[in-house]
Amino acid sequence: MSDDTLSGAKSPTARNLFNALQLDTRLLGMIGAFVFICLTFQVFTGDGNIFKALVNGNFLTPRNIFNLTIQTVSVAIMATGMVFIIVTRHIDLSVGALLATCSAIMAVTQTQFMPQWLGFELGNPLIWIAAIAVGLLAGVLIGAFQGWMVGYLGIPAFIVTLGGLLVWRNVAWFITSGQTIGPLDETFKKIGGIGGTLGTTWSWVVGILAAIAVLAMQYNGRKRAQAHDFPTKPLWAEGVISGLMVAMILGFVATLNAYEIPTRRLERMFETRGEIMPDGLVAGYGIPYSVLLLIAVAVVMTIVAQRTRLGRYIFATGGNPDAAELSGINTRFLTVKVFAIMGGLCALGAVVGSARLGFSTNDIGTLDELRVIAAAVIGGTALAGGVGTIYGAILGALIMQSLQSGMAMVGVDAPLQNIVVGIVLVLAVFVDIIYRKRTGD
Amino acid sequence: MATPLVEMKDMSISFGGVRAVDNVSVDLYPGEVVGLLGHNGAGKSTLIKILSGAYKADSGEVFVDGKKVEIESPRDARRHNIETIYQTLALADNLDASSNLFLGRELTTPFGFVDEHAMEAETRKIMAKLNPNFQKFHSPVKALSGGQRQSVAIARAVYFNARILIMDEPTAALGPHETQMVSELIQELKAQGLGIFLISHDIHDVFSLCDRLAVMKNGQVVGTAKTTDVTDDDVLGMIILGKCPKGAIPGPGALSSADAA
Ligand SMILES: Nc1ncnc2c1ncn2[C@@H]1O[C@H](COP(=O)(O)OP(=O)(O)OP(=O)(O)O)[C@@H](O)[C@H]1O
Ligand SMILES: [Mg+2]
């Protein structure tokens, strides 16, 4: 800091300008990796030389970005919960199996319990609402139960959730008698699939509201820091960051809006409503509901992590469990809460996952535990505990999914895909270790 | 005589057969500093951890202001305005100074969210008093020097209006200047009427800061004495040999005259 004041008279260098932005270098690194992956696949899916391929590739098309986004949601939702688990020095190997159990419970609730036993008419809105409520309840309770075994009985989380992996995968099997359950409720299906999107107009509304919210937050943060006389970034730096964020939000909305609903499908949508489609009508999909759900989860989890006591205690416990205990934090109950949150997020993951398929299958969520843990870890969550971010985990999920889809598009064989993902995981953690050594945190 | 601020009576605790604290009784009056001395492993930290709620005693009673209290957890201790600077400092390394200072007692906004700015402002205020050179308000405490970390732990103990302050080797990592500041702080707090348990291996410090001292050996109290009634050598004899000199009141751990012979 002191040399900043000394060198103040010199003309600003590029480095100084960059420092003034006070960006999170880890976040930049992850975004850089993500952009690199996207551009690479863009080139490999295109024709001609690199420059032509960058333009005509198939990876960065609205259609593929849309698909990538909805494929990422389920894992990303669960990865935000895994951050809390790993930050408190635990692990949850049961998330994929728990997702399956929640999915089975919700499927049975909406296709059998509500309509057949309680006599609700198909399509009654109470059906999908009740299904989600029951699924959430099951997820939270099962998570809390596992957390209780970890926190109060002192059984290592690795063992509890390894057992849970076997138990819940097969509890799901018993609930559905090993059958695929479906088709699911029409409204329910909208939460996960391509059928449930906001449409262009509402997507713009949401995008603009989000942009306004971001600007308001930046402004408020600055105001509050100034009120306490804390150092703030230069105004131009604040402006650049706000501008970038707004551009990203609106760009994302524009991309999703640019993915047009095929005419045949559009016609059918009008038919089911008993209307006739105007000639030459084009409509974009816009933001999928599942993405809205992910954004809501991300916002809530970030607020919990940064602005609530619970979040503080999670990070403090991860940093030094003894210190947390000596500060009067009930670390056992905290463990229950963290696993309960994870369970609830597994239920949400199950909503999105089964809704996207339209069915609840036996193998739903298989290997998701590995994807979720990998997403959190690639996103900078340290297995030693105490360190991790929600946005990192979501970005981690996005990176994993784009690698996987990209390789599939390029035509890499499935076994090789897994080999690459495995190597990337190890490499990402290695890079993170080096980064931490350098920056000393 | 006034009632003691704290009185610990016949405290015992064992860890798997080892009697870490064995029938210990000590007391502390308002405006008094009582030094706790003894070898490594004598049981000093364990004794005060019972008072701070970190351990639950196997037997014994604790009185605060003459009233019997049950201290089952660190929260209970804090509720009785007992604040502790632990030998290990008990800081969460990954969090910054203000998060550690307010850990478990965060300031919140009217909506119940953690008010980071208010906490940082308060932290800046108290650190300006305790350690004016301290600047690293945004670094995780693991990036701080031993002395800086210690000053964060001290700030946490004195910020919340302690009436009973426990300091377990508070100056172990401090330089001479910071040690001097802690000495001044102890005198200031004493003048405000706090009672302080000071654990230290530095006999010189104990004589200059404490009104009374208690020496422990193998979990037992060798003896207690006013610092004016005993000499350095007397105290060394208590620590090393367990021999209770004339000016001191012998405890259960004192070498009996039969042993001495
Ligand atoms: N949690 C524990 N589990 C088992 N034994 C313990 C525990 N805490 C302390 N002990 C034992 O109790 C005895 C007293 O330890 P204590 O830490 O109170 O000593 P001390 O007087 O503070 O020593 P020092 O001057 O080294 O800090 C030691 O023999 C120690 O090994
Ligand atoms: Mg000790």
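Everything numeric here is computed off the predicted structure, so don't read it as measured data. (Residues numbered from 1 in each chain as written. Chains lettered and ligands numbered in written order. Predicted model: local features only at pLDDT ≥ 70, side-chain atom pairs only at ≥ 80, totals over all residues. Heavy atoms only, no water.)

Student: Explain the overall build of chain B to me, and be specific about the residues and the numbers.
Tutor: A tally of helices and strands in chain B yields 9 helices and 11 strands. Radius of gyration (C-alpha) of chain B: 19 Å, near the 18 Å computed for a compact globule of 261 residues. By its C-alpha atoms, chain B is 65 × 40 × 40 Å across when sized along the principal axes. Look at the contacts in chain B between residues 6 or more apart in sequence, and 63% of them connect residues 24 or more apart. As presented, chain B carries roughly 11400 Å² of accessible surface, and 51% of it is formed by carbon and sulfur atoms. Counting 25 positive and 32 negative side-chain charges, chain B places the centres of these two groups 2 Å from one another. (Helix = DSSP H or I, 4+ residues; strand = E, 2+ residues; numbered from the N terminus. Rg over C-alpha atoms; globule rule 2.2 N^0.38 Å. Contact = heavy atoms within 4.5 Å. Areas by Shrake-Rupley, 256 points an atom, 1.4 Å probe, with all protein chains shown as cover. Lys, Arg positive; Asp, Glu negative; His and termini not counted. Charge placed at Lys NZ, Arg CZ, Asp CG, Glu CD.)

Student: Could you give an account of the interface of chain B and chain A, with specific residues and numbers?
Tutor: Listed as interface residues are 30 residues of chain B and, on the opposing side, 26 residues of chain A. Both sides together, the interface formed by chain B and chain A hides about 2300 Å², and carbon and sulfur atoms give 58% of it. Among the residues chain B hides against chain A, the three largest losses belong to Asn94(B), Val114(B) and His117(B). Together they make up 24% of the total. If you look at where chain B meets chain A, you find 3 salt bridges. A salt bridge links Arg309(A) to Glu106(B), with the shortest nitrogen-to-oxygen separation between them at 3.3 Å. Where chain B meets chain A, there are 11 residue pairs in polar contact (both at pLDDT 80 or more). (Buried area = accessible area lost by both parts, 1.4 Å probe. Salt bridge = Lys/Arg side-chain N within 4 Å of Asp/Glu carboxyl O. Polar contact = N/O pair within 3.5 Å; in protein donor to acceptor, adjacent residues only side chain to side chain.)

Student: Please give an account of the domain arrangement of chain B that cites residues and values.
Tutor: Residues and elements named next belong to chain B. For chain B, the domain assignment lists domain 1 (1–42 + 162–168 + 184–261) and domain 2 (82–160). If you average the C-alpha positions of domain 1 and of domain 2, the two centres end up 29 Å apart. In this complex, domain 1 contributes 8 residues to the contact, which on the side of domain 2 involves 11 residues. Of the roughly 860 Å² buried at the junction of domain 1 and domain 2 (both faces included), carbon and sulfur atoms supply 64%. It is Ala162, Ile166 and Asp168 in domain 1 that bury the most area against domain 2; as a group they hold 51% of the surface buried on that side. Taken together, domain 1 and domain 2 are joined by 0 salt bridges. Put simply, domain 1 and domain 2 have 5 residue pairs in polar contact (both at pLDDT 80 or more) between them. When contributions to the side of domain 1 that touches domain 2 are tallied by element, the ones reaching two or more residues are strand 7 (164–168) and helix 6 (176–191). (Domains from an automatic or database assignment.)

Student: How would you sum up the site of ligand 1? Please name residues and give values.
Tutor: All names here are of chain B. Near ligand 1 there are 14 residues, and of these Asn40, Gly41, Lys44, Ser45 and Thr46 occur at the shortest range. Here Gly43 contributes a backbone N or O atom positioned 3.0 Å from an oxygen atom of ligand 1. Take Thr46: an N or O atom from its side chain is 2.5 Å from an oxygen atom of ligand 1. Looking at the shell around ligand 1, the element that brings in the most residues is helix 1 (residues 44–51), giving 3 residues. Grouping the constituent residues of the shell around ligand 1 by class yields 4 nonpolar, 8 polar and 2 charged. (Near = heavy atom within 4 Å. Nonpolar A, V, L, I, M, F, W, Y, C, P; charged D, E, K, R; others polar.)

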